[in-house]
Structure formats: C-alpha cells, structure tokens
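Architecture at a glance
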Amino acid sequence: MLSESAIQKLRETLRGQTFRPGEQGYDLARTLPNAMIDRRPALIARCAGAADVIECVRFAREHDVLVAVRGGGHSVAGKSVCDGGLVIDLSAMKGIRVDPVRRTVRAEMGLKLGEFDRETQAFGLATTLGVVPTVGIAGLTLGGGWGNLHAKYGLAIDNVIGADVVTADGQLLTANASENPDLYWGVRGGSGNFGVVTSLEYRLHPVGAVLGGAVFHPAAKAKEALRFWREYAASIPDELVIQGGSLTLPDGAPAFGIAGCYCGPISEGEKVLRPLRAFGPPMADAFSVMSYVQIQSMFESFFPPGRLVYTKSNFIRSMNDETVDALVPWVGKSPSRYTFAPFIEHWHGAATRVPATDTAFPHRQYSWNLLAWSMWESPADSEKNIRWNRECCEALRPFLVPSAYSNYLTDEGEALTREAYGPNYDRLVALKKKFDPTNFFRMNHNIKPG
C-alpha cells in the first residue's frame, strides 16, 4: 500500500497530471478501448516529458510498485493498465519534429498513427505504421509494425533509427546503431520489456497520393476469392500491400473483402490492380485515388472504442488448397457482425527480406498472417464469441506455424511469448538480464530475465 505522503510527494515532483481513484478524470484515464479490460490502478501519472517518466520509475522502484506503461492504450491484451499499481501514461507526450531534408522524424510516444501521419504528410513524407489511425505509435512500433508501406519500405521497426529509453534504474539512455546497440536491437520488436521508450526517431520516405480501397465478394464465394488472391499475390510488386477476409457489410450481408494500398505511380497501380478489381466480378469495388492520410483512416470506423475484443493470431504455413478449404467454413459464421475472422494479412517485399536476427522481431519468412479478431458489444455475448474464436483457431491449427505477432496476442503464457520472439528469445533473455534483471517492466508479453 502506498502512503498518502509518498503519493503526494510524487505528485509535487511531476509536471503532468495525476489521477487517483475517486478523482475527476480517473475513470476516463484508466479506460482502454478494449472493454474486456477493467482495471483500477492506485495512481495514473500522465507524464509531460521524460523527466516525469524518470521520476515515476524511481518512485515505483523505491516503493516496490507494479508499473504499466500506456501510450495509445490499444494493447488488446490490456497490458497498458494494471490493478493496484502505477500507470505511466505517455498520452500527453505528443511532440513531433519532421526534418524534411534528412527525411527523418523524432516523435514522442503519446502520438497516435493519424496524428503522426498528418504531420509527416505535410512534407509529402511517411513511414510504415499500422492501418488504424487511433492506435498509438508506441506499442505498434515496438512490437513490429505491419502496415500499408511494409512491402516497399519495411516494418515500422525497420525504419526506427534511434530511441530514447528510460531503463529500470531510472536512467535515460539513447539507443541507436552506435550508442547502446544491443538495446537498439532489443526495442525493435521486444516491446516494452527493457524500459519506457519516450521517443523514437524514424526514417521517412516520399509518399504522395495512393490507389487504395477494397473489393467485396459474397461470403459464398470465399473459396474462389482466396484461390485467386493466392495466385495474384505471388507476383505483386512491393508498392502493393493487401489484406482481407471475412467481415459483415453495413447492410448485414456476410462478405469476403480484399483491401489494398498501392503507393507507386497511379497509372501503374491501375494496371497492377486491374486483375483484382475484375475478378468475380466483385459485388462492390471501393478502390479510388486518395491521399495517404485517407487510406490510413479507412478502417477507423470498424474499431470504435468500447467494444469487447478477443484475438488470436499465427502465421500460416502455406496457402495451399488444404488451407483454403479449412478457412472457408468459418467465413461469415461469427456470432458477431463486428468480427473480422478469419482475416489475413499478406506479408511480402522489404519486410520479408530482413534477416530474422537483425531485429528482435523474427517472423520474416511467412507470406500470410492469420487474425481472428472478435469484437462484440454486450458482456452477455462474451462466452459465445470467445468460444467461437477459439474453435476457429483450433480448427485451423494444423495449417499454422508456432510463430505469433505479439501486437495481436490476447492470451497470456510463456509459450505464446516464446512463439512471439522465436529464435531471438534467448538473446532477449540475456538483454533483459542486463537492463531489467528484476523484471521491473513485466506488464507486457513478458521476457523473464531467468
């Protein structure tokens, strides 16, 4: 238990706001987008800068307090809030500075994707992040960072050229290729296991208008659509990123959609996308020329805060006929109209050319990543939606590999953590022993120091 005097002393040292149970703003500050998570921390410190973060880490160490770190708060597993402990809330830290000459940007960890993209696009620049603008850049990047530019420019972590990290002993370290290179390696895929990342420096790339959108087929045509997609994806250029799967249209019709973003010359993109748009033909074609900010906002309405969310994810061994046949029976069968399952990301291009051990994120060799992303509105529906999700993934297990993208994991357990870090796990354990030997930072997909 924390004494009133200790809490008051911390509050007096911080520039940022703090929230305690019963105080105005506390419930809003502890609420996560995933309504499955309902935790009550003893104190929430909304840091104004790195100095506040350092004070919070030192306080938590001195008083042996459990710490959670919150950026955008979109951790589907709820790792960004803890019961009874201290939440180091970075959401007010939204500083960002673009260097258009060097084509780099320094960004603080309270930024969300949409905010980051608007700033960089003011200079006609962008880098790979996710595809939902309300997600925080911090957790998404530190876990890997798949997005609409990954095939052309690599994952988000492949574009990180530096990080500022407050470690468990309360030091602020710079990590890049020449300073603390082992920590630089670890934060690029190792999530928040080694400290509180307060800012990241990214490499930027020229990105103008894109050709983006989606085509939709009736759920009954999922087998044909999947087989076409498999053949089509085998020869697409790095400028095109595609993803798709089972969803429910606004009119309630179950469908199989394939979304895409082409970031090269529009005239060439029209040629590349012509087979995808012609196949079927689709019952709807929503592709058009749009700004990069628009394509990045395309999925925003599908992920409003306040829904209950349960997810599973693994890479697919091969998109052969047997895999397609196993996927098809689950299309359009979810008990919730808000679910995306089975849903598939296609990974290719630059992101898959990085050797598995160059960053802490190892899963570079697989072309298809399966997501079962269940969402629903009423707690009364939780049991049936979670059961359906698990049954779907269990039926598909023979076609999956034991390798997971940690940003999509809900379930706890060391086995899943080992899957997420794969061949890099032992090296990450050694790094954890060096920078966090007491496992101070453990509200994450945790790498134990041994």
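A brief look at the structure comes next. Everything quoted here is computed from the prediction, not taken from an experiment.

The gaps of empty space that remain are located by a probe, the size of a water molecule, rolled over the atoms. In this structure, the largest pocket occupies an estimated 310 Å³ of space. Lining the largest pocket are 17 residues, with T31, P33, R70, G72 and K112 positioned closest to its centre. Tallied by class, residues from the lining of the largest pocket come to six nonpolar, seven polar and four charged. The computed volume of the second largest pocket comes to approximately 240 Å³. Around the second largest pocket, the lining comprises 19 residues; the ones closest to its centre are A214, F216, L247, F299 and F302. Counting residues per element, the ones that place at least two in the lining of the second largest pocket are β12 (210–218), β13 (240–248), β14 (254–262) and β18 (340–346).

So, on to the sheet that holds strand β6 (residues 104–108). On the basis of which strands lie adjacent, the open sheet formed by five strands has the order β5-β6-β10-β8-β9 and antiparallel pairing. Every other strand in the sheet has two partners, leaving β5 (96–99) and β9 (172–175) as the edge strands with one partner each. Ignoring strand direction, the axes of neighbouring strands in this sheet form an average angle of 10°. One ladder, built from six bridges, connects strand β8 (residues 160–166) with strand β10 (residues 196–203); its direction is antiparallel.

Before going further, it helps to examine empty space enclosed by the protein. Counting across every chain of the model gives two cavities of 30 Å³ or more. Considering only enclosed or pocket space, the second largest cavity measures out at about 30 Å³ in volume. Together, N148, V241, Q243, A259, G260, I295, M298 and F299 line the second largest cavity. Of all the elements in the fold, those that place two or more residues in the lining of the second largest cavity are β13 and β14. Here the lining of the second largest cavity is built from residues that sort into five nonpolar, three polar and no charged.

This paragraph deals with the environment of R58. Examined against the element boundaries, R58 turns out to sit in helix α3 (residues 50–63). Of the residues examined, R58 reaches a relative accessible area of 47% and is grouped as partly exposed. Distance in space between the C-alpha atoms of R58 and V210 is 46 Å, their sequence separation being 152 residues. A polar side-chain atom of R58 sits 3.3 Å from the main-chain carbonyl oxygen of G170.

Overall, the coordinates contain 19 aromatic pairs when judged by the stated rule. Ring plane angle 70° and centroid distance 5.2 Å describe the contact between F116 and Y202, whose orientation is recorded as edge-to-face. Here the residue F116 occupies a position in helix α4 (residues 113–121), and Y202 occupies one in strand β10, the gap between them amounting to 86 residues. Note on accessibility: F116 and Y202 belong to one class, buried. Measuring from centroid to centroid gives 5.6 Å for W347 and Y405, while their planes differ by 90°, and the two rings are edge-to-face. Pair noted here: W347 is in the loop between β18 and β19 (368–376) and Y405 is in the loop between α12 (382–396) and α13 (414–421), with a separation of 58 residues, a long-range link. Of the two residues, W347 and Y405, both sit in the buried class. Every member of this aromatic cluster is reached through a ring pair, and the members are F299, F302, F303, F315, F340, F343, W347, F361, Y366, W373, Y405 and Y408. Its guanidinium or amino end placed over the ring of Y184, R188 lies 3.7 Å from that ring's centre, counting from NZ or CZ. The ring of Y338 is capped by R307, whose NZ or CZ atom sits 3.7 Å from the centre of that ring.

Definitions and limits used
Residues numbered from 1 in each chain as written. Predicted model: local features only at pLDDT ≥ 70, side-chain atom pairs only at ≥ 80, totals over all residues. Heavy atoms only, no water. 1 Å grid on protein atoms, 1.4 Å probe; cavity = no way out; pocket = protein on both sides within 12 Å on 5 of 7 lines; lining within 4 Å. Points joined across faces, edges and corners; volume = space filled by probe spheres on them. Nonpolar A, V, L, I, M, F, W, Y, C, P; charged D, E, K, R; others polar. Helix = DSSP H or I, 4+ residues; strand = E, 2+ residues; numbered from the N terminus. Pairing = 2+ DSSP bridges. Axes fitted to C-alpha atoms, helices over the stretch in contact; angles between N-to-C directions. Buried < 20%, exposed > 50% of the residue type's maximum accessible area, 1.4 Å probe, protein only. Polar contact = N/O pair within 3.5 Å; in protein donor to acceptor, adjacent residues only side chain to side chain. Phe/Tyr/Trp six-rings, centres within 6.5 Å; stacked < 30°, edge-to-face > 60°. Lys NZ or Arg CZ within 6 Å of the ring centre and 35° of its normal.

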